[in-house]
Amino acid sequence: MNEKLALVFVIVVLVGGGIAIGFGWWQGQSNIVTLHARMPETGGWIPDNLTVAANQPLDLRLTSDDVQHGFAIGQSDQPAVDINPGVVTELTLKFDQPGTYTYYCTRWCGVNHWRMRGTITVTGESVEQVVTPPLFVQIGLDIDAPHEAEFIPSSKPSAQNGENLRFELSAYQTSEYYRSHSPEQAWVDLRKDLTLAAYSDLQLWDAVAFIWQTNTSEDALSEAEELYAQNCAACHGVSGAGDGVFSDQQVPVMGEADEAFSGHEIVLPTDFTDPHHILSASPAALQGKLIRGGMGTGMPMWGVIFTEEQTWSLVSYLYSFQFKEVH
Amino acid sequence: MKHPAVSWLILGAAVLLVVFVPILHKPEILNKERSFRVEAGDFAYTPAVLKVNPGDRVTIELISTDVVHGLYVDGYDLSVTADPGQPATLTFVADQSGVFRLRCSVACGALHPFMLGKLQVGRNMLIWQGIGMTFLALIGTLLIRKPFPVPEKQTSS
Amino acid sequence: MNLLNFPFVKQTLKNRWPQFTIMIIALAGFLLAILSGLFGTPVGSRNFGIVFVWIAWWAILMLVAVPFLGRGWCSICPIPASGEWLQRGAMLGPRGQAKGVALSASKGFGRRWPKRFRNIWLQNGSFLLVALFSTVILTQPRVTAIVLAAFLFVAIGASLIFERRAFCRYLCPVGGFIGLYSQLAPLELRVVDTAVCAAHTEKTCYTGSAEGYGCPWDVFPPGMVKNTYCGTCMECLRTCPHDNIALNIRPLGADLDEARNRKLDEAFKAFIMLGAAAVYSGVLLGPWGTLKLAAYSVGTLPWMTYVASFLTLILLALPGLFWLMVWIGKRLSGSGLPMRKLFISQSYALIPLGLTAWIAFSLSFVFANFSYVLVALSDPFGWGWNLLGTAGIAWVPWLTGLTPFLQVGVLLGGFIWAALTSRKIASEKSALGQASRLAMPVIGFCLAFTLTMMGLLVA
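Model, not experiment: these values are computed from the prediction. (Residues numbered from 1 in each chain as written. Chains lettered and ligands numbered in written order. Predicted model: local features only at pLDDT ≥ 70, side-chain atom pairs only at ≥ 80, totals over all residues. Heavy atoms only, no water.)

With that out of the way, let us pick up the interface of chain A and chain B. Residue-level contacts link 16 residues of chain A with 16 residues of chain B. Along the contact surface separating chain A from chain B lie one salt bridge. Taking the shortest distance from any N to any O, the salt bridge between Asp83(B) and Arg107(A) comes out at 2.8 Å. Applying the counting rule to chain A against chain B returns three residue pairs in polar contact (both at pLDDT 80 or more). Those elements that place two or more of their residues in the side of chain A that touches chain B are helix H7 (218–231) and helix H8 (233–236) of chain A. (Contact = heavy atoms within 4.5 Å. Salt bridge = Lys/Arg side-chain N within 4 Å of Asp/Glu carboxyl O. Polar contact = N/O pair within 3.5 Å; in protein donor to acceptor, adjacent residues only side chain to side chain. Helix = DSSP H or I, 4+ residues; strand = E, 2+ residues; numbered from the N terminus.)

Below you can see the structure in the form of structure tokens.
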């Protein structure tokens, strides 16, 4: 009698508990994708591929299996969501346009953090969209060509001083000119311009800084400052000097595709404080590098993450390591 | 010693001294600015031990070198979080003396619960009290002439 | 004072149901720990397996159960339960079932445990084996789950092949140190009057009766002078027809005064535990990241270096240094006792020192991480459940202001206890002055250890 009671008790406790756990698990499974975030070395996003129909809700349960991660969709206004280790965060997404979207990790989770990306395929009737190639393609710029400025300013140019020349610079202030010319080219053009012959070399550098200044805005620079801190500073350094915490760890090898690079030296991140390098790069070239990535260096491809506007903001921010702005 | 009671009295007085003198000790307050650049990575803080004086204004710049880490200061109940590439600072006045553990406050991997450091404000009185008491305990245990009487074993009744 | 004089206590312990119920709850928790470890989140601080085993259970074991109840945990431990059910062919147990049979070995092969392993050397080994991987076991739910499951299967296997609780007695890595430290507990199970036992020919406490099983721990209650191998399972209370079993409240550490049955395997258990407490305090709680990574990176060269240093410290350096201290003591006092005997008996002074070191070590992380317990209860798998509404509780270290003071107090208490024990053991066979000189170097050893622990934990 007692023995039977004991058996029933054990069965109720253990089997009941088991059923309850199974039921709870099953509840969590129904129709909802659980997206696991792991450091790229141990798997990255699992799964790294999602499919949903346009205008249909995509319910996600986000969780991290190791450290803090974040979730965001490239080129979207959807605010980034933090993913905490062992905690489930629920999120519902809806896409009205068919196409391919990239989701990426927004919190640095190690040296390979930027490799942590996945894609969402949104199916449906798509409207034919005209895709404009990036500027560097349009103007036929070889962004991998080595460049080194011959002329550099003797001190940090000031956009404020350059403002004095504003009436003489109108031809150089257009966005087309600014984007397709490196500051050095602009300076050489100004130097060659006979109407500006009266100005000293440094005054013309101030003018170049002013051209930069008029092609950006305070809002753009402050947005870019934030983007830079979140996405770039870990390698390029908070000060832009290429001395970020991961600067000496970016090994240009991961996966078979990059095997050709194995055995190569570590490519150090670009030092934006080096005038020889940055003043000889045009905004189009910098934007090209930014959206395409470094091809074998540790530089990620940001084209699917940042909007075009954001890339131009970031480019203008990079020059702020060379120029003093108007305050 | 002829009179054990005298020795015990002296020992008792010594214990009181060791316990209370550090409490009565009031350190000089200099209100200095102290700043530290603390790197957090691989489940450790570098430097792991920060020493300041009571009343100092302490600024800790936390620099994560692998994943997101935090720094929580025991006793002060303050914390700060830093991503790699985004150093964060924590500023406070060290108005409590003692040794406080620094603990990582963001799960940063398997060894996260053991990612620890120390903030020492002023002298570490507790450890000196502890050492002092241990030596007094040594004297005490040697003073006992007969280590506490062994009760007669009742083998059978 | 015999607690069994209170009818309520006696009835509660004699009845199988209360013990059985707690054991089943513990078993459910144990299985949940395995399941959550295997299928739940790999994040330790959010996984029931890690949080319950290494924070909640460890806290209860080291801060409450062992110091106050000795082997109290063993009496409700779920690990041997299922093996024992198979061995006995019953879950709850007798009340007339298989009347009169020596119930200790009714199913399974029922072999006697091999004589040469009838000591705790295997337990010393199993503890060390777990200890070498502890940094990984402690932090990875999968590994904890595998270790727990392994305990379960080994326990079942041992129950089927051998008689009684062979796993608990000779294999369990935890049981070894619980037994060692249970000698300090203020609670003991003994017989009231050995003369009654002498006159009782059936010896049902060992052979079993219709009321219960013969001692599962292979202990003969009337011969018991120490707690070490008594699992407080209460079977003898049930099988004794003469009401001759007592559960006494007694002075702390009473078993240390017992000069009989001091053995080298137990002495080494004391060294292993002492060394492990110091190593863990340094590695896990110290500020040295390289050490932590070395202990964690199983299979790598740094880990092997760590393992080699760990084993050298625990099995050679500490006992070697202690041997030297005892030797100096012997020379100082001119004691005529053999070195081996002195070494073994003096090492029993390390038992209180070790337990207090473990309590001090545990205080450091148990309270600091206790807030995880509520979270893990509410969401054991890290699947986003919120059973109790406490899954969202943020991590907050508890009582951290108090811990260093408690640690100093506990370590100090341990030192005094160890020093007095050393003197007491020395005076068993020596005159007073001689005993003091014999104990002096050992007390010095205890002093150095205490200061090291204070340095590691509160400096």
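What follows deals with the interface of chain B and chain C. Interfaces are often described in size by the accessible area the parts lose on coming together. Contacts between chain B and chain C engage 41 residues on the former and 44 residues on the latter. The contact between chain B and chain C buries some 3,900 Å² in all, and 71% of this surface belongs to carbon and sulfur atoms. The interface formed by chain B and chain C holds zero salt bridges in total. Applying the counting criterion to the chain B and chain C interface returns eight residue pairs in polar contact (both at pLDDT 80 or more). Breaking the side of chain B that touches chain C down by element, the ones donating at least two residues are strand S8 (98–103), strand S9 (116–121) and helix H2 (125–143) of chain B. Considering each element in turn, the side of chain B that touches chain C owes the most residues, eleven residues, to H2(B). Grouping the amino acids of the side of chain B that touches chain C by side-chain chemistry returns 24 nonpolar, ten polar and seven charged. (Buried area = accessible area lost by both parts, 1.4 Å probe. Nonpolar A, V, L, I, M, F, W, Y, C, P; charged D, E, K, R; others polar.)

Attention now moves to helix H14 (residues 264–285) of chain C. Along an α-helix, residues three or four positions apart point the same way, because every turn accommodates 3.6 residues. Helix length check: H14(C) (22 residues) gives 31 Å between terminal C-alpha atoms against 32 Å at 1.5 Å per residue, within 8%. Extensive coverage of H14(C) is indicated by the burial of 21 of its 22 residues. (Expected span 1.5 Å × (residues − 1). Buried < 20%, exposed > 50% of the residue type's maximum accessible area, 1.4 Å probe, protein only.)

Residues and elements named next belong to chain C. Here chain C is partitioned into domain 1 (1–261) and domain 2 (278–458). Contacts between the two partners involve 43 residues from domain 1 and, on the opposite side, 44 residues from domain 2. For the pair domain 1 and domain 2, the interface holds one salt bridge. In this structure, the salt-bridge partner of aspartate 257 is lysine 424, at a minimum N-O distance of 3.0 Å. Joining domain 1 to domain 2, the criterion identifies nine residue pairs in polar contact (both at pLDDT 80 or more). Those elements giving two or more residues to the side of domain 1 that touches domain 2 turn out to be helix H2 (16–39), helix H3 (48–69), helix H6 (121–132), helix H7 (134–139) and helix H10 (173–182). Looking at which element gives the most residues to the side of domain 1 that touches domain 2, the answer is H3, with twelve residues. Its residues assigned to classes, the side of domain 1 that touches domain 2 shows 28 nonpolar, twelve polar and three charged. (Domains from an automatic or database assignment.)

Right, let's get into the packing of aromatic side chains. Residues and elements named next belong to chain C. As enumerated under the stated definition, the model contains 55 aromatic pairs over all chains in all. For the ring pair tyrosine 306 and phenylalanine 310, a centre distance of 5.8 Å and an interplane angle of 45° mean the geometry is tilted. Note that tyrosine 306 and phenylalanine 310 are positioned in helix H16 (residues 301–333) at a spacing of four residues, about one turn of the helix. By relative accessible area, which is 7% here, tyrosine 306 ends up buried. (Phe/Tyr/Trp six-rings, centres within 6.5 Å; stacked < 30°, edge-to-face > 60°.)

This next bit is on the pairing of strand S1 (residues 33–41) of chain B. Residue and element names in this part refer to chain B. The pairing of S1 with strand S4 (residues 57–64) spans eight bridges and is classified as parallel. From the neighbouring strand, glutamate 39 faces S4, where its bridge partner is isoleucine 63. Bridge analysis of S1 against strand S2 (residues 44–46) gives three bridges, and the strand direction is antiparallel. Of the residues in S2, the one forming a bridge with glutamate 39 is threonine 46. Here S1 folds back onto S2 in antiparallel fashion, the turn holding two residues, of which aspartate 42 has a positive phi close to 50°. (Pairing = 2+ DSSP bridges.)

Of all hydrophobic cores here, the largest spans 202 residues; its most connected members are Phe71(A), Ile120(A), Leu61(C) and Trp358(C). Apart from the residues within four sequence positions on either side, Ile120(A) is in contact with Leu50(A), Val52(A), Leu58(A), Ile73(A), Leu93(A), Phe95(A), Gly99(A), Thr100(A), Tyr101(A) and Tyr103(A). Counting 42 residues, the second largest nonpolar core, distinct from the first, contains Ala72(A), Leu165(A), Leu221(A) and Ala224(A). (Core = buried A, V, L, I, M, F, W, Y, C linked by side-chain atoms within 4.5 Å.)

Looking now at unusual backbone geometry. Note the cis peptide between Ile46(A) and Pro47(A), where omega equals 0°. Tracing the backbone through its elements, the reader meets Pro47(A) in the loop between strand S2 (45–46) and strand S3 (49–53). Backbone torsion omega between Thr46(B) and Pro47(B) reads -5°, so that peptide bond is classified as cis. By the secondary structure assignment, Pro47(B) is in the loop between S2 and strand S3 (49–52). For Asp218(C), which is not a glycine, the phi torsion comes out positive at approximately 60°. Assignment of secondary structure puts Asp218(C) in the loop between helix H12 (204–207) and helix H13 (235–239).

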